[in-house]
Every structure is written in structure tokens, then in C-alpha cells.
Amino acid sequence: MLLVFMALATASAAPPMFAEASENAAFEGVRAAVPAGARQSDADVVRLTASASPSSADQQAVLDQIRAIPGLSAPTLNGKSVGVELGRSTRWESFLAHGTRSERARLFALPDPAEHLVTTGDAAAGQAGGVWLPVPLAQGLRVEAGDPVTFSARNRDGDERRVDTTVAGTYRVAEDGRRPLDRPGHRDWSLRRGELPLDSALETLPAYLVIGDVATAEALADEVGDQLLWSVDAALAPGLTLAQAQVVADRIDVLRKRYVQGRAEGEVLARRVASGIGDLTEQAGAVADGTRQRTLPLEWAAVLVALTALLAVVAAALRRRDVELRHAVGTGTPTVLVALLWSLEHLLPAALGGVLGWLCAWAIVGQAGPTGAVTALSVLPGLLLAVASAAVGAVLVGALAGGVAARRVRPAAPGTTRRPAPWLALLVAAALTATAGLAAADRSGGDARSTDLLVPLLVFVAAGALAMRLLPWLTRSRRHRPSRASRPNAVWLARRRLGATVPGRAPVAAAVTAGLGMVLFALSGVAATRTTIEDRVAVRSGAETVAAIEAAWQLDDDPVLAPPRPKPGEPQPDEPARGVRTPPLPARTTLVWRIDVTNPATFGTHQLLIVDPATLGDAASWGHGPELARARRALSRLADQDTPYDPILGLPAIAVGVDGIEVADIVQVEAGPWRERLRVVDAVDVFPRYAGEPMYVVSAGPAFSTFGPVDPRLKPRDNLATGIFARTELWGSSDVAVDAVLSAHGVQPRQLDTAERLRRRDIYVAAEQAGGYQVAVAGYLALLAVLALCVHAQRRAAADRPTDLMLARLGFGRPRVLLSRAVEQATLAALALLCAVLGLLLLTPLAGRLLDVAPDEAPAFHLVVTPAALGMTALAALLAAGAATAVSHQRSGRGEEEAYRTDA
């Protein structure tokens, strides 16, 4: 009873803690995925911009409002020059000069510049005030720390205002040579990338920043007629949970409305609030919701299986103590008092089981759940749920005892035929109805209905109960009777006991089958989900790294020029230029060309993928599923047909996602001046880099021989279009391989796509986070199945002790009796395992409706019984049989006097 209450409390307390852990892990993931060069509106920072002076009450009020928001770092006040932007009509510029040398520069203010810059270490000793210069500017002016410099500004009319100051020190700059370099572990200047002042003459470049403290920068701006736009920056503190970050985001939204609407009269520049904290919390919430959606079936199953195990244990206890109940009823004890006594009797194991289950749930989430923090926000509700479930279990025990006592008080009249409730038929009907409803459900939205989450559990429970109901009929046969010449053996005794109608065996069998079935379902679902994710990433990405480049000749050390364009009236040559080739590439890399083609027969736009079958196999991603495996076999078939071009037969091609196409069909395609026939050698549903539109894959060898002067591998002689547009891509099995090729030829890719970026998609991250918890709950259900079978074996051994003792005295032998117990438990466990496998096979066509959060994407989700999942489930069944056998041996080994006690 203690273990059953503990299991019930574990199943009840784990969901809220897992929900918080998944939320916090998702939030940590989205924060870590923010690139260093992101805008402030996309990062976990907040920036309030205003034109008020830092000494004004308005600006100080803004600082106080930021400080009042918990979860934000200390705000930093900074100001930038906006004289150029405000004075465009007068052509206003600012300079920094030393002697005869001068450079364009802009002012920037910080409370303590040395704390926010990577200084060079040659700051002026004891220098108060002064300005900090970037190293390139200081080198251009040939100044060092402590040297005097002049900051000036002039307009188009030639009016100039000057002010002298000193160099406080120099700081290092980023790769662009202008922007200050970020300190290690910080990204302040990277996030300000789009907010820094621009060069007054070269507006595509950031300006050299002359950085001073607030007082110095404001004094310089006043002297030269510049104006500073002041801002307040703050970052989200590290280690915050999603709930805390949501509070910060809500406070920022309130501040935004009050701050932007409270613009003072006469302000030249509008106030603005930029922050990405709200968007990041929404992204994390979406990931957490997806994770919860995937774990709901197991959470519900865990609670329901625990309740089933509790009912089975209580039913066994009521049968064992039937004499006690009859005595209580016979002495006039009220039914309500019987129920209360049973509830009080089980109150202590319920309380201990609730606390232990809460601790067990905390440990499971911490070890097997997501990496996010679990705080009191979910731990305390988990404790309340654990205690509440244990209390409900104790009340349920009392209610069952009271119900049995009530039947004893008012027994059926003599001669009345007792008709048992058809609960098995109702259970099977419910399972069939739920399965049919799941099959007919509309899954276009990608979310399973609440009732659908009960279907796997109902199927396994119905399968186990039905098998146990059929077991006596299967074992009743004349062949089970031993011949007179032979002595009865352990198998004969076990088959007789299995053939007997045992009250309470069906609920126990349902609990064991449900536990083993959910273990098999969870493990197979996790494996199928990972396979599907990898397949879909492979289909969308094509390879681990794909770099879009201008043309293939960029990677060729000796490119071939395209032939000269014919003069007007001259025929267009059909032969390709001599020497044209595909550039040689390192292993596990390949070039792929993508061309949009049209089909004159259907007027549809398809995509032509030109590949090298010899190198594509090692460079592309092929996942682990059957669809991509078939696509790889089709590529091998295409490589086998890499023969010289035959204009009659056409180019061998693989049709990908083309409806109504069959092998050996001929398809006419064209792209600009190029027209060709394609002969379909195979048709598949998906292929690497398949975007969902119909696609044909052809081999580069015979295909390029048909392009002639518009061969995309030729280097053009001019910038005029050739009449055909081919997108050239470099595929590689790793980013290192692709970077090596691009760096060796000095090529800057137009676009760089990686499979890792796709794996960070919110639904994929949610599925990955749910995997560990699903395995943990599967282990919990397996232990629950072991417990249920052990309880049943213990009660049966206790009830059959007189029979076992009599068989031993008649010469059957105690070892045979014990062996028969082992055969009986092993048969029950094996039958439950068989029912679990059959139930999963029944659910296989429908599992995608429960586990696939993106049913419209290719390839389709397929649930299969993996060898690892089947092995783990078989191991759980073997453990259950072994533990039940050990318990039955212990209970049947008592003395003779105890065996004949009436209260046994």
C-alpha cells in the first residue's frame, strides 16, 4: 500500500515541476540563441531613449523606474551625438584635431568609460576628465594618453566652434575598425550596433567615437553646439526563470506606455523603448507548450495506471480480509464507520507515500527532465498535489471497503440470479470508440484533443483485461490432464491455476498490460520522434551546411570563359565550351545546382536539381527513416544510369513529390532557351533539400552536356543574363568542410544555412526536452507494472497456502509447487507483454495523431516497435515475473499452522 500511494503521489506531483523545468530550459535556450549582433528589440535587454538632459528630473525618473523593475541589471546612462542628424539642412560636422591632423569623429557619453571599454592600458595617470579615443583614430592623429586635442564642429557656412580637451586613454575596436570592442563576456557594443552615430561623410560606416564621462561629454557638446540623445540601457539578469522574465516583460510594457505617452512639450526627438524580452518569453512559452503537449498522454496514463494499481491492491486486501468484514457487519458496525476505519487505517501509508512520491517526482524531473530550474513556484504545488492525491487514495480505499460492507449488510435474496456488470464489454467498447474517434479526428491544427490522450491507455487496459478473461478458456483442455502413468508436474499445476477463474485477476492484468504498453509506447515514440526530426531536418536543409554562392567557377582555379555571344543573325552554338568542368572538391562536399523549370503540358513550375551522384551520397544528410533511405537507393539507381546523353530517351531523372508520375514516364521541361526531356527512373516522396514543390533530380554528367553555352559552370564574359538562372550551392557534411572550401578560394557566400539552426526550431526543441521525461515516466510505469504483479502474486500465494501444503504432503513436492508459481507468473507477464505489443501495433497507424506536432510536414511520422524499446519492455516484464515469483515463494513458505489460519 505504501508503494502504491507513493506511485500515485509521484504521478500527481511530477507534471507541475516538469512544466516549470521545461519552461525555464526553453527560456535559457532562446536567450543563448540570441546572436551577438542582434538588435536591442530582439535581445534580452531594454533601452529607453529620450532627448532630456541627464540632470533633469525626467531623466532621473527614468533611471528610478528602471531600477524599480526586479530582474534587470543596474541601468547605464549613455548619450550619443545627434548634431549631424538634426543639422542636415546646414551640413553640420564634428572633428577631432591634433596639430595639423584632424579626423571626423562623434561624441559619446558614459558614466565611467573605462568600465565599458577594452582599454589599451596607457591611460593618463591621475587624469580627471578627458576623452577616450579608438586606437585607429589615435594612431591617425599620432596622440597618446595625456596629449591635448581639439574637438570642433562647423556647419556649411563655415562657422566653427572649438574646445580643447585631453586624451584620457585609448580603447580597442571591433573588426569594422570603428565600433568599440566588447569586453569578454559582454555584448554591450554589439547590441548598440544599429544605434551608434554614423560618420557624417560616409553614412554607411559608424563614426569614430570620442567617448567621455557624462559631465565631460555634455560640456564638450555645449561648447561646440552639439546635442546628445540620452538613453538608458539595462539587461535581463542571468539565471532568471521564465516566470520572472514574464514579470519583467509586463513591467516593461507598462513602462513603455507611460514613458512614450509622457513626452514633454518641446522635445525634438520622440521617446522610444526597445526590448526583446517580451518576444523571448513568448518564444520560450511556445516551446514549453509544445513540450507539455507531448508529455500529456504519459502524465494522464501515469495517474490512471496508479489509480488502477490502487484499486487492484485494495480489491485484493478486501478479499483477504473478507472474514473481518463479515464479522464487522455481523456485530452491527455501521457501513460508514467501516469505511472511516479503513480510511484511517491507510492514512499513515498515504501520508508517507505522498511525501516520498513528491520527493521521487522532484528527483525524476531533476535527473531525467529538462535542464531548467525547478523552484518553489512548482515544488509547492507539486507537494499539494501529492498530498491531495494520497488523501483521495485514502478516501477511495474507505469508499471501496464501505461498498463491500454494504453488500454484506444487504445480501441478495435467496434464489436471485446475480448478473455481473458487463464492465469488460464496456471497456472494450470505450477503447474501440476512442480509437475510431482518433482515426476520424481532424489533425490539421497539429494539436491532439484531450480525449485523444486517453486512447493508448484505454487500448492497453482493454487488451490486458480481455486477454485475462480469455485465459481460462484457452487453458481448459483435456490435453492439460496428466496421463495416469506420469506424475503431475509444475507446468500441469500452473496451467490448472491459470485456467481457474480468479477474482481480481483481470484488473491486475489490465494494470500490468497498461504499464508495459505505455513503456513500449513511450520508448517507441521517443525513438520515432527523434528519427522524424532528423529526417525532416535532412529534407529541409539538404546537408549539415549549405552555402549559396554566385557560381561554380568561383571554386575553380582555372575557370573556363563562356563563348562569345553571337552577333545578330548568327546561329547560337549548341556545343559547350571545351574544358568546362565541375571544380574538384574535398571529400564529403559537393556542388548542387537548382533551376526553376516549367512543364508546358501542365503549365506548372517545378524545380530541377542537378547533382553529382558520386559525391552527393557522402555530403548530403539522409536521416534514419525509410523515405530518405529509399531516396538514397534511387540516387544509386540514377548513378548506375550515368551514361552518355541520348536525345531520344531523355535525361534519367528522379521524380520527387510529383503526383501521378510513374517510372518510365517522359516529362518535357524547359528553362529559358534550354528544353529537354526527362525519363523518370524512380519516384520518391522526399529528397534532401526538398521544399515541398515538385522536383526532378538529374545527374550532372549527362545534364550539363545538354546546356551548351548556357552551362552554369562557365564564367560569364559580361554581366548580361544568359537566359537561364541557376542557383549554385555548396553542400558539406560539416561547417568545417564548407568553410575550408570557401576560405581556400576567398568566396563569401550569399547565404549560409545549417542543419543545426533547423534543429533549434521550437517544436523540435520541445520534442527533445520531452524525450527524457517520457523515458522517466516509462520507467515509472514499468515499476508500477512490477508492483501490480507482485501484489497479485502475494495475495494468490497467501490464499493458496493450504492447497500448496496439501500438495506437498501428497507427494507433489515443494520444489514443484514453487516452480509452478514461477511458470504462472512468467505466463502472466508474457501474456501482458504480448497484449502490449498487439496494442501498439493497433495504435501504430494512429500514433502520429498523438505524437506528431507538425503533421503537414514531410516525411510522415511513423511509429514502429524498435528492438531497443521491445527489449526494455521485455526486461520490465521479466523483472515483474521474477519479483512476483520471489514474493509468491516467500508467502507460500510459512508454517502449517499459519497456513490454516482462517484470517490468512
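The preceding data block contains the structure.
The text that follows walks through the structure, step by step, so that each part is easy to find.

Cut-offs applied
- Residues numbered from 1 in each chain as written.
- Predicted model: local features only at pLDDT ≥ 70, side-chain atom pairs only at ≥ 80, totals over all residues.
- Heavy atoms only, no water.
- Buried < 20%, exposed > 50% of the residue type's maximum accessible area, 1.4 Å probe, protein only.
- Helix = DSSP H or I, 4+ residues; strand = E, 2+ residues; numbered from the N terminus.
- Arc of directions from axis to C-beta.
- Contact = heavy atoms within 4.5 Å.
- Pairing = 2+ DSSP bridges.
- Axes fitted to C-alpha atoms, helices over the stretch in contact; angles between N-to-C directions.
- Polar contact = N/O pair within 3.5 Å; in protein donor to acceptor, adjacent residues only side chain to side chain.
- Phe/Tyr/Trp six-rings, centres within 6.5 Å; stacked < 30°, edge-to-face > 60°.
- Core = buried A, V, L, I, M, F, W, Y, C linked by side-chain atoms within 4.5 Å.
- Expected span 1.5 Å × (residues − 1).
- Salt bridge = Lys/Arg side-chain N within 4 Å of Asp/Glu carboxyl O.

1. Remarks on helix H10 (residues 322-330)
At step 1: Residues of H10 that are buried: Asp322, Leu325, Ala328 and Val329. All buried residues of H10 project into a common sector of 125° when viewed along the axis, lining one side. Set apart from the buried face of H10 by more than 90 degrees, the exposed residues are His327 and Gly330.
At step 2: On the buried face of H10, the contacting elements are helix H9 (277-320), helix H11 (335-345) and helix H13 (376-409).
At step 3: Two residues or fewer after H10 comes Gly332, characterised by a positive phi angle close to 90°.

2. Details of the sheet that holds strand E5 (residues 106-110)
At step 1: With respect to topology, 11 strands assemble into an open sheet ordered E4-E3-E7-E8-E6-E9-E5-E2-E10-E1-E11, the strand pairing being mixed. Looking at which strands have only one partner, the edges of the open sheet turn out to be strand E4 (101-104) and strand E11 (272-275). Each neighbouring strand pair of the sheet contributes to a mean axis angle of 30°, computed without reference to strand direction.
At step 2: Where strand E1 (residues 45-50) lies against strand E10 (residues 228-235), six bridges are found, and the strand directions are antiparallel. Counterpart to Val46 in the pairing with E10 is Ala234.

3. Some words on the side chain of Thr529
At step 1: Checked against the element boundaries, Thr529 lands in helix H17 (residues 505-541).
At step 2: For Thr529, the side chain forms a polar contact with the main-chain oxygen of Gly525, separated by 2.7 Å.

4. Digging into the pairing of strand E12 (residues 545-549)
At step 1: Counted residue by residue, E12 has five buried out of five residues, so it is predominantly covered.
At step 2: Burial of E12 is two-sided: the residues Thr545, Ala547 and Ile549 facing one way and the residues Val546 and Ala548 facing the other way are all buried.
At step 3: Bridge count between E12 and strand E19 (residues 726-732): five bridges; the pairing is antiparallel. Opposite Ala548, over in E19, you have Glu729 as the bridge partner.
At step 4: Pairing between E12 and strand E20 (residues 751-754): four bridges, direction antiparallel. Paired with Val546 across the two strands is Asp753, which belongs to E20.

5. Observations regarding the packing of aromatic side chains
At step 1: Scanning the entire structure with this criterion turns up six aromatic pairs.
At step 2: Between the aromatic rings of Phe108 and Trp189, the centroid separation amounts to 5.4 Å while the plane-to-plane angle is 55°, which identifies the pairing as tilted. Of this pair, Phe108 sits in strand E5 while Trp189 sits in helix H6 (residues 188-191), placing them 81 residues apart in sequence. Each member of the pair, Phe108 as well as Trp189, is classed as buried.

6. So, unusual backbone geometry
At step 1: Note that the residue after Ala858, namely Pro859, is joined by a cis bond; omega there is 0°.
At step 2: Along the chain, Pro859 turns up in the loop between helix H26 (848-851) and helix H27 (867-892).
At step 3: Although it is not a glycine, Arg588 sits at a positive phi angle of roughly 65°.
At step 4: For Arg588, the position within the fold is in the loop between E12 and strand E13 (589-599).
At step 5: Using a relative accessible area of 47% as the deciding quantity, one classes Arg588 as partly exposed.
At step 6: The backbone of Ala664 sits at a positive phi, close to 85°, despite the residue not being glycine.
At step 7: Note that Ala664 resides in the loop between strand E15 (651-656) and strand E16 (666-671).
At step 8: Classification of Ala664 as exposed rests on a relative accessible area of 54%.

7. Section: the pairing of strand E9 (residues 209-213)
At step 1: The buried fraction of E9 amounts to four of the five residues, a majority that puts the element mostly inside the structure.
At step 2: Where E5 and E9 come together, five bridges link them in parallel fashion. Across the sheet, the residue bridging to Arg106 is Leu209, located in E9.

8. A few points about the nonpolar core
At step 1: With 106 residues, the main nonpolar core has Val512, Leu516, Met518, Phe521, Tyr780, Leu781 and Leu784 as its most contacted residues.
At step 2: Here Leu516 is in contact with Ala785, Ala829, Ala832, Leu833, Ala836, Thr873, Ala876 and Ala877, once residues within four sequence places are set aside.
At step 3: Formed by 60 residues, the second largest nonpolar core is a distinct cluster that contains Leu72, Val149, Val210 and Val232.

9. Some words on helix H12 (residues 347-368)
At step 1: Its 22 residues place the ends of H12 31 Å apart at the C-alpha level, agreeing with the 32 Å of an ideal helix rising 1.5 Å per residue.
At step 2: Of the residues making up H12, those classed as buried are Pro349, Ala350, Gly353, Gly354, Gly357, Trp358, Ala361, Ile364 and Val365. Projected onto a plane normal to the axis of H12, the buried residues spread over an arc of 165° and lie on a single side. Those residues of H12 that are exposed and angled more than 90 degrees off the buried face are Leu348 and Gln367.
At step 3: Check the buried side of H12 and you find it contacts helix H1 (2-32), H11, H13 and helix H23 (762-799).

10. Concerning the environment of Arg594
At step 1: Among the secondary structure elements, Arg594 is positioned in strand E13.
At step 2: In this structure the C-alpha to C-alpha distance between Arg594 and Leu609, which are 15 residues apart in sequence, comes to 4.8 Å.
At step 3: Leave out the neighbours within four places in its chain, and Arg594 touches Gln607, Leu608, Leu609, Arg689, Phe725, Ala726, Arg727 and Glu729.
At step 4: At 2.7 Å, the side chain of Arg594 and the side chain of Glu729 are in polar contact.

11. Overview of the pattern of salt bridges
At step 1: Scanning the entire structure with this criterion turns up 26 salt bridges.
At step 2: The salt bridge partner of Glu729 is Arg689, with a shortest N-O separation of 3.3 Å. In this pair, Glu729 sits in strand E19 while Arg689 sits in the loop between strand E17 (674-684) and strand E18 (695-699), placing the two residues 40 residues apart along the sequence.
At step 3: Overall, the relative accessible area of 4% leaves Glu729 in the buried class.
At step 4: Arg713 is the partner of Asp711 in a salt bridge, and the nearest nitrogen-oxygen pair spans 2.9 Å.
At step 5: For Arg713, a relative accessible area of 12% translates into the label buried.
At step 6: Three or more residues are tied together by salt bridges with common partners; here these are Glu534, Glu544, Glu756 and Arg759.

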